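Remarks on the overall topology
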Amino acid sequence: MSDRTEELQGRIKQAMASDSPLQIQAGGSKSFLCRQTTAQPLSVKGHSGIINYDPTELVLTARAGTSLKEIEQTLAASQQILPFEPPFFDDGATLGGAIATGLSGPIRPFTGSARDYVLGCQIINGKGEILKFGGQVMKNVAGYDVSRLMVGAMGTLGLLLEISIKVLPAFPNQLYLQQSHPPQEALRFMRRLSSQNLPLSGLAYEGDKVHIRLAGSGSAVKAAAAKIGGEQPADDPFWHELKEQTHAFFDGELALWRLSLPAATAYLNLPGKQLIDWGGALRWLKSDEPSRNLFQLAAGCAGHARLFRGGEADLDRIQPQLPAMRAIHQKIKHSFDPHGILNPGQLYSGF
Amino acid sequence: MDKKALIAALREILPASQVLDSTEAQRPFECDGLSAYHRLPLVTVLPEQQEQVQAIVRLCHQNRIPLVARGAGTGLSGGALPDENGVLLSLAKFNRIVDIDPDNLCATVEPGVRNLAISEAVADKGLYYAPDPSSQIACSIGGNVAENAGGVHCLKYGLTVHNIMALKVITTDGELLTIGGKTYDSPGYDLLALMTGSEGLLGIIMEVTVKLLPQPERKQVILAAFDDIGKAATAVGDIIAAGIIPAGLEMMDRLAIQAAEDFCHPGYPLDAEAILLCEIDGNNEEVSERIMQLRQVLDRTGPMHFATAETEAQRQQFWAGRKAAFPAVGRISPDYYCMDGTIPRRHLPQILKRIAELAAGCGLNVANVFHAGDGNLHPLILYDANQPGELEQAEQLGAEILELCIAVGGTITGEHGVGIEKIDQMCSQFAAAELSQFHALKNAFDPAGILNPGKAVPSLHRCAELGAMHVHHGQLPHPELERF
Ligand SMILES: Cc1cc2nc3c(=O)[nH]c(=O)nc-3n(C[C@H](O)[C@H](O)[C@H](O)COP(=O)(O)OP(=O)(O)OC[C@H]3O[C@@H](n4cnc5c(N)ncnc54)[C@H](O)[C@@H]3O)c2cc1C
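Fair warning: this is a prediction, and the values are worked out from it, not measured in the lab.

Attention shifts here to empty space enclosed by the protein. What the rule picks out here adds up to six cavities of 30 Å³ or more. Space inside the largest cavity adds up to approximately 620 Å³. Around the largest cavity sit 36 residues that line it, and A:R115, B:Y184, B:D185, B:S186 and B:D190 are the ones nearest its centre. Elements with a contribution of two residues or more to the lining of the largest cavity: helix 5 (114-117) and strand 16 (304-309) of chain A together with strand 8 (164-170) and helix 7 (191-195) of chain B. For the lining of the largest cavity, the residue count by class is 16 nonpolar, 12 polar and eight charged. Estimated volume of the second largest cavity: approximately 220 Å³. Along the walls of the second largest cavity sit 21 residues, with A:L119, A:N140, A:V141, A:D145 and A:R148 positioned nearest its centre. Those elements giving two or more residues to the lining of the second largest cavity turn out to be strand 6 (118-124), strand 7 (130-134) and helix 6 (146-150) of chain A. Considering only residue class, the lining of the second largest cavity consists of 11 nonpolar, seven polar and three charged.

See the structure below:
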């Protein structure tokens with residue numbers, strides 16, 4: 001646990017002066033999402049430590065290099081959780097990486113995403129300025145919501161120093177259900193469950209099985225399980241394997257695509273294999289289908305695609321933007337990083 | 001472009017009846033819910049088609065004319081206060097529900113649709129829109145997005161930012177930008193979050209896709225009465241510490257209880273110094289279990305008494321008193337000034353006590369009615385604008401309360417926005433480099449600075465002048481308080 005703020009600020013100022021771009025790194029657990037560039041690596045490793053945690057406030061503040069593992073262990077000691085179930089992918093996973101990539105786990109449709117739980121942050125922008133936005137309170141509308149703007153920005157707007165996250169009490173009970181359905185029926189079934197007031201915390205489809213996870217008070221999950229019905233295994237390792245992508249579905253050399261779609265989108269007949277998460281709103285696809293086709297398909301469904309693992313290295317990995325959208329992105333980037341030294345090209349090529 | 005030419009140009013875009021330039025026709029638009037600030041715009045326009053708004057924005061942009069958007073005008077920070085050299089753009093005519101999509105659990109509405117109208121329109125499908133500001137019968141969804149409005153149920157269900165999926169926004173060049181979609185995320189920067197709470201400074205919101213939730217099977221509310229406000233405040237922390245996240249957790253003090261009781265007779269205990277309203281929702285079994293747990297926690301906090309609403313009618317009555325608290329207080333005082341600071345919950349007892357002391361010190365009364373579970377205070381400072389000096393006194397007290405909030409690690413505004421009202425306190429909350437970053441962001445959207453100028457983010461110049469007045473020997477205000 002140490003505070004490397006000054007040193008990191010120095011490195012950014014130096015990079016600015018010498019006009020040499022930086023590539024921010026931490027645990028490396030999600031580096032497969034990043035493009036390999038010639039930028040100088042800047043590691044935030046060691047800039048770590050939980051700075052503030054008071055369970056009754058439901059807020060935790062930690063330096064960006066703090067490992068997710070340490071954070072979840074600390075929270076668990078007070079029966080609390082990070083409510084967006086961030087994937088680790090590797091023990092090196094840090095809070096900064098979780099926020100910069102903005103990824104959330106299977107629980108997302110039911111409790112919210114990483115960005116939903118960010119309350120404040122401290123960053124170094126591309127001018128080497130240390131800036132603080134948001135705070136450690138539940139509600140704060142003073143100034144633009146820069147903290148949430150950092151989530152999923154892949155480090156292109158600022159180096160994250162410190163992040164304040166809202167946390168929640170852990171669910172006292174979980175229950176697992178499984179039901180077999182053909183794909184189209186599985187999707188309809190998941191939509192039906194989603195539109196009822198049920199204590200759901202996961203709704204996914206793999207093979208021919210709908211996996212249902214319930215979380216809440218003992219009586220709530222029991223009543224819901226009775227209502228929904230199905231096989232009730234004592235545990236369902238599927239959920240952890242899905243979050244961490246260690247499930248057999250994710251094996252193999254084929255590229256892994258992530259399609260984020262309106263939940264009620266019909267089953268898509270695509271080459272390769274699919275795993276459906278988020279009650280229908282997230283479709284994982286292992287396929288060698290060309291990028292162009294998948295971007296087009298996702299846009300046609302009013303959603304978007306992202307090349308998650310593997311695939312062609314020098315490609316834009318994210319759904320291409322309309323010109324007006326791209327223009328506003330470039331201007332926002334410029335407002336934080338006028339010299340273009342922070343993770344250039346890590347979100348979209350060109351900035 | 002002078003006023004005459006501007007009006008002529010606007011009448012090319014709109015029928016004459018939708019371009020108001022007389023003093024009496026524009027009177028209703030001279031202020032929002034913070035009526036201490038009021039002034040007339042050059043001209044008020046009431047378009048009803050998106051293309052008309054685009055043309056108006058282009059006209060203003062080309063001629064560098066200030067443009068202030070207005071929803072229902074219920075804002076409490078002067079955000080919709082007109083610019084005397086500009087155009088006031090009312091979005092009230094955009095009141096259509098465009099699409100209800102129960103399969104994707106969302107609805108798409110125009111910006112002028114009232115908050116409550118959304119839940120009413122989807123009620124027959126067993127769905128609702130969660131954020132419920134107390135002004136929900138009047139305020140517009142466009143205004144809710146612009147302010148990131150909260151409500152009594154946002155402790156569990158989040159603020160506007162957590163409950164919207166997509167926006168259509170007209171940018172200053174008159175282009176229509178679609179942000180987000182019926183998906184749980186979108187590629188690139190989170191512009192949905194950036195637009196939410198941007199107070200009309202970054203673009204005109206023309207369409208909002210809101211997330212809908214299935215209605216809970218059952219709701220139950222407990223009303224707990226305390227003989228001491230500090231005890232009530234401590235109970236708030238105890239409830240959260242017990243692992244309970246109520247759907248709503250609201251507090252009212254003696255003055256607010258009395259005002260509400262006189263106004264709409266919700267059945268509040270008049271002998272209490274403070275009450276807590278604590279709502280639990282979910283499926284039947286869960287509510288029963290949680291209510292039992294809540295009763296045990298409350299029992300230990302030393303209340304005078306507490307009771308669960310016996311019928312649905314009584315539950316609604318309990319909430320009616322809370323939701324009508326502002327107008328109720330409005331009846332016992334000629335004027336009131338509503339503050340909106342938010343603090344870490346653990347400081348509630350200390351800060352409520354300090355606010356009472358500050359109020360007593362200047363001879364003004366303060367009623368407290370607020371989102372206790374979120375630590376979002378709403379001290380209502382009672383004053384009489386007709387008494388010379390009282391408004392200034394109320395504003396001075398308000399400013400001191402906000403400084404208190406900052407001093408304990410809180411913020412000057414939890415949900416009402418900065419607007420014109422808290423612009424000076426922004427100088428205390430943020431450093432110059434942070435304000436510069438805000439200006440740079442604004443510049444990315446609105447380089448000419450025509451959208452709602454002078455609001456939300458103060459100029460560095462203004463802060464410098466203010467700093468010269470406020471910093472006393474480099475000392476922070478309230479050195480007696482425990483720092484964050
Ligand atoms: C009695 C009372 C109780 C209240 N209770 C609550 C509460 O519980 N929670 C809460 O959060 N607030 C509350 N408020 C404050 C207010 O109702 C909210 O801020 C609301 O969101 C404002 O909506 P409006 O339509 O009235 O917006 P307006 O007051 O008209 O405008 C507010 C701001 O939004 C901008 N704006 C409006 N429409 C658009 C648009 N389409 N595009 C771009 N910018 C736009 C305006 O320029 C202005 O800056 C309360 C107010 C009153 C009077």
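All names here are of chain B. Following the criterion strictly, the structure yields one disulfide over all chains and no others. Across the disulfide from C427 sits C463; the S-S distance is 2.0 Å. Since a negative S-S torsion denotes a left-handed disulfide, the C427-C463 link at about -75° is left-handed. Residue C427 is found in helix 15 (residues 425-429), and its partner C463 is found in helix 17 (residues 460-470); the two are separated by 36 residues along the sequence. There is no split in this pair, since C427 and C463 are both buried.

All names here are of chain B. Inspection of the region around the ligand gives 34 residues, with A69, G71, T74, S135 and S140 positioned closest. For the ligand, whose unbound accessible area comes to 970 Å², protein coverage reaches 95%. Of all elements in the fold, only strand 3 (67-70), helix 5 (141-147) and strand 10 (204-211) reach the threshold of two or more residues within the shell around the ligand. The element best represented in the shell around the ligand is helix 5, accounting for five residues. Grouping the amino acids of the shell around the ligand by side-chain chemistry returns 13 nonpolar, 17 polar and four charged.

Right, let's talk about the domain arrangement of chain B for a bit. All names here are of chain B. Domain boundaries assigned for chain B yield domain 1 (3-90), domain 2 (97-214), domain 3 (219-263 + 275-323) and domain 4 (333-481). Its C-alpha centre places domain 1 at a distance of 23 Å from the equivalent point of domain 2. Counting residues at the interface gives 13 residues for domain 1 and 14 residues for domain 2. A combined buried area of about 1,100 Å² lies between domain 1 and domain 2, and 63% of that area is made up of carbon and sulfur atoms. Per-residue buried area on domain 1 facing domain 2 is highest for Q50, V57 and T74; these three make up 32% of the total on that side.

So, about the interface of chain A and chain B. Each side of the interface is counted separately: chain A has 74 residues, and chain B has 78 residues. Between chain A and chain B, roughly 6,200 Å² of surface is buried when both sides are summed, and carbon and sulfur atoms account for 60% of that area. Considering only the side of chain A, the residues that lose the most area to chain B are A:K139, A:V141 and A:Y144, jointly responsible for 16% of the buried surface there. Residue B:D185 is joined to A:R258 by a salt bridge in which the shortest nitrogen-to-oxygen separation is 2.7 Å. Where chain A meets chain B, there are 27 residue pairs in polar contact (both at pLDDT 80 or more). Top element by residues in the side of chain A that touches chain B is helix 11 (residues 323-336) of chain A. It accounts for nine residues.

A few words now on the pattern of salt bridges. Under the defined criterion, the tally for this structure stands at 35 salt bridges over all chains. Among the salt bridges present, the one from A:E185 reaches A:R192, with a minimum N-O distance of 3.7 Å. Classification of A:E185 as partly exposed rests on a relative accessible area of 23%. Assessed through its relative accessible area of 43%, A:R192 is described here as partly exposed. Among the ionic pairs, B:E312 bridges to B:R315, the shortest N-O distance being 2.9 Å. Of this pair, B:E312 and B:R315 both sit in helix 11 (residues 312-323), three residues apart, which is roughly one turn of the helix. Several salt bridges share partner residues, and in doing so they unite A:D54, A:E57 and B:R346 into one network.

The biggest cluster of nonpolar side chains holds 157 residues, and the ones touching the most others in it are A:I99, A:I165, A:I332 and B:L167. Ignoring any residue separated from it by four or fewer positions in sequence, one finds A:I332 in contact with A:L149, A:L157, B:Y189, B:L191, B:L194, B:L441, B:A444 and B:F445.

Quick notes on the rules
Residues numbered from 1 in each chain as written. Chains lettered and ligands numbered in written order. Predicted model: local features only at pLDDT ≥ 70, side-chain atom pairs only at ≥ 80, totals over all residues. Heavy atoms only, no water. 1 Å grid on protein atoms, 1.4 Å probe; cavity = no way out; pocket = protein on both sides within 12 Å on 5 of 7 lines; lining within 4 Å. Points joined across faces, edges and corners; volume = space filled by probe spheres on them. Helix = DSSP H or I, 4+ residues; strand = E, 2+ residues; numbered from the N terminus. Nonpolar A, V, L, I, M, F, W, Y, C, P; charged D, E, K, R; others polar. Disulfide = S-S within 2.5 Å. Buried < 20%, exposed > 50% of the residue type's maximum accessible area, 1.4 Å probe, protein only. Near = heavy atom within 4 Å. Areas by Shrake-Rupley, 256 points an atom, 1.4 Å probe, with all protein chains shown as cover. Domains from an automatic or database assignment. Contact = heavy atoms within 4.5 Å. Buried area = accessible area lost by both parts, 1.4 Å probe. Salt bridge = Lys/Arg side-chain N within 4 Å of Asp/Glu carboxyl O. Polar contact = N/O pair within 3.5 Å; in protein donor to acceptor, adjacent residues only side chain to side chain. Core = buried A, V, L, I, M, F, W, Y, C linked by side-chain atoms within 4.5 Å.

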